[in-house]
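Summary of structural features
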Amino acid sequence: MADTSRRCAVRGLFLVVVLAVGCGVGDVPGDEDDARPQIALVMKSLANEFFETMAEGARAHHAAHPDEYDLVVNGTRNESDLAQQVALVEQMVASGSDAIVIAPADSKALAPALARAQAAGVVVVNIDNRLDAEVAAEAGLDAPFVGPDNRDGARRVGEVLAERLSPGDEVAIVGGIPTAFNAQQRQAGFEVAMNAAGAEIVDVQSGGWEQAQANTVAAAMLREYPDLRALLCANDNMALGALAARRQSGREDVLIVGFDNIDAVGELVADGEILATADQHAGRLAVFGIEAALEILGGGEAGDRQTPVDVVAAPD
């Protein structure tokens, strides 16, 4: 376990750091005299309902286990703010956090900062988006991954779509940030399902995980491909953007699938406006990572853990 005296000694300095540069979007560390291990949850954009649900799940778990650990929750202001997420990691180390549970915005760029955290005695647990194994190894980082099989989940969502397609139908993929491992895996899963169905993937573009960017991308695809039959979106924020583009275009025949099962999309799936999404149980995902961190802090060894993904589809 990281030394508690180290954590207490640096918290005064950390408060100065917070006042000087800010702590992102999230919670402030607790009482400096608290002897419980402090776990920092560092996520991507809390403007994304998926990560807000993840944060709520973590807080609920902490409320049910208040004597076991202290929790600090932080997130960036948008999905692609790598510099802010690196700063959050460094701030959590400076605050004396004993463990960092992180959903990295980028699979490569966060590895050096996390390696430095680990070298400082902080336990690191990687959730949601797997860090690049080669880059992590080069940085000297050895952190367990706790998260879903994104490729398999996307493949199964794609198979729901495939049931509505005919061989030769044109489809397009609105992907996440290309350097994110989960974006790569979801694209790969979609491609497997579409190739098996004999569909033609006419375009693949990044929507940057963001609704507005995906709306622009999807609108351009709908204009360029008049025979387009489906848009496969690598997260639900982008599926909402694609849906707005479809409504604007009047192309109600274009099918849309997403990934995450945020509440807004779950309702649209139930209504049949979005065909399917993947539920990776955001409310439990951070909890799985916190439990792994507590196990390591208690002297155990927590290896990689695959978490569940379920497909949610519109009624027939």
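Everything here concerns the structure above.
Small disclaimer: the values here were computed from a predicted structure and weren't measured.

1. Topic: the packing of aromatic side chains
For the coordinates displayed, the defined rule picks out 1 aromatic pair. Aromatic pair Phe 50 and Phe 51: ring centres 5.1 Å apart, planes at 85°, arrangement edge-to-face. Each member of the pair, Phe 50 as well as Phe 51, carries the same accessibility label: buried.

2. Re the packing of helix H8 (residues 211–224) against helix H9 (residues 236–249)
The description of two helices packed together rests on the angle between their axes and the distance between the axes. The contact between H8 and H9 brings their axes to 7 Å, and the two run at 45°. As summarised for this structure, H8 and H9 are arranged oblique, according to the angle between their axes. In this structure, H8 crosses over H9, and the sense of that crossing is right-handed. Side by side, H8 and H9 meet where Gln 211, Ala 214, Asn 215, Ala 218, Ala 219 and Leu 222 of the first sit next to Asn 237, Met 238, Leu 240, Gly 241, Ala 242, Ala 244, Ala 245, Arg 246 and Ser 249 of the second.

3. Things to note about the environment of Met 194
As for its placement among the helices and strands, Met 194 is situated in helix H7 (residues 181–197). It is 9.9 Å that separates the C-alpha atoms of Met 194 and Ala 172, two residues lying 22 residues apart in sequence. If we skip the residues at most four places from it in the chain, Met 194 touches Gly 158, Leu 161, Ala 162, Leu 165, Val 171, Ala 199, Ile 201 and Leu 232.

4. A closer look at the environment of Ala 103
Here Ala 103 is to be found in the loop between strand E4 (99–102) and helix H4 (111–119). The residues touching Ala 103, leaving out its near neighbours within four places in the chain, are Val 42, Met 43, Lys 44, Phe 51, Gln 85, Ile 127 and Asp 128.

5. Some thoughts on a negative patch on the surface
There is a patch of like negative charges on the surface, built from Glu 56, Asp 263, Glu 267 and Asp 271. Of the residues forming the negative patch, the biggest block, 3 residues, is contributed by helix H10 (residues 263–271). Here Glu 267 falls in the exposed class, since its relative accessible area comes to 54%.

6. Examining the pattern of salt bridges
Where charged atoms from two side chains of opposite charge come close, those side chains can pair. Within the structure shown, the criterion is met by 13 salt bridges. Note that Asp 304 is salt-bridged to Arg 130, the shortest N-O span being 3.4 Å. A residue pair is termed long-range when its members are at least 10 positions apart, and Asp 304 in the loop between helix H11 (282–297) and strand E12 (305–306) and Arg 130 in the loop between strand E5 (123–127) and helix H5 (133–139) qualify at 174 residues. A salt bridge links Arg 186 to Asp 260, with the shortest nitrogen-to-oxygen separation between them at 3.9 Å. Of this pair, Arg 186 sits in helix H7 while Asp 260 sits in the loop between strand E10 (255–257) and H10, and the two are 74 residues apart along the sequence. A single burial state applies to Arg 186 and to Asp 260, both of which are buried.

7. Some details on unusual backbone geometry
You will see that Trp 209, though not glycine, has its phi angle at about 70°, which is positive. Structurally, Trp 209 is set in the loop between strand E8 (200–206) and H8. Non-glycine residue His 281 carries a positive phi angle of around 55°. Structurally, His 281 is set in the loop between strand E11 (276–279) and H11.

8. Here we look at the nonpolar core
In terms of nonpolar packing, the biggest core is built from 82 residues, with Ile 39, Leu 41, Ile 127, Leu 161, Met 194 and Leu 231 touching the most fellow members. For this core, the element with the highest residue contribution is H11, accounting for 9 residues. The residues touching Leu 231, leaving out its near neighbours within four places in the chain, are Ala 172, Val 174, Ala 218, Met 221, Ala 242, Val 254, Leu 255, Ile 256 and Val 257.

Parameters at a glance
- Residues numbered from 1 in each chain as written.
- Predicted model: local features only at pLDDT ≥ 70, side-chain atom pairs only at ≥ 80, totals over all residues.
- Heavy atoms only, no water.
- Phe/Tyr/Trp six-rings, centres within 6.5 Å; stacked < 30°, edge-to-face > 60°.
- Buried < 20%, exposed > 50% of the residue type's maximum accessible area, 1.4 Å probe, protein only.
- Axes fitted to C-alpha atoms, helices over the stretch in contact; angles between N-to-C directions.
- Helix = DSSP H or I, 4+ residues; strand = E, 2+ residues; numbered from the N terminus.
- Parallel < 35°, antiparallel > 145°, perpendicular 65-115°, else oblique.
- Left-handed = near helix turned anticlockwise from the far one by under 90°.
- Contact = heavy atoms within 4.5 Å.
- Patch = residues over 30% accessible without salt bridge, like charges linked within 9 Å, V, L, I, M, F, W, Y side chains within 5 Å.
- Areas by Shrake-Rupley, 256 points an atom, 1.4 Å probe, with all protein chains shown as cover.
- Salt bridge = Lys/Arg side-chain N within 4 Å of Asp/Glu carboxyl O.
- Lys, Arg positive; Asp, Glu negative; His and termini not counted.
- Charge placed at Lys NZ, Arg CZ, Asp CG, Glu CD.
- Core = buried A, V, L, I, M, F, W, Y, C linked by side-chain atoms within 4.5 Å.

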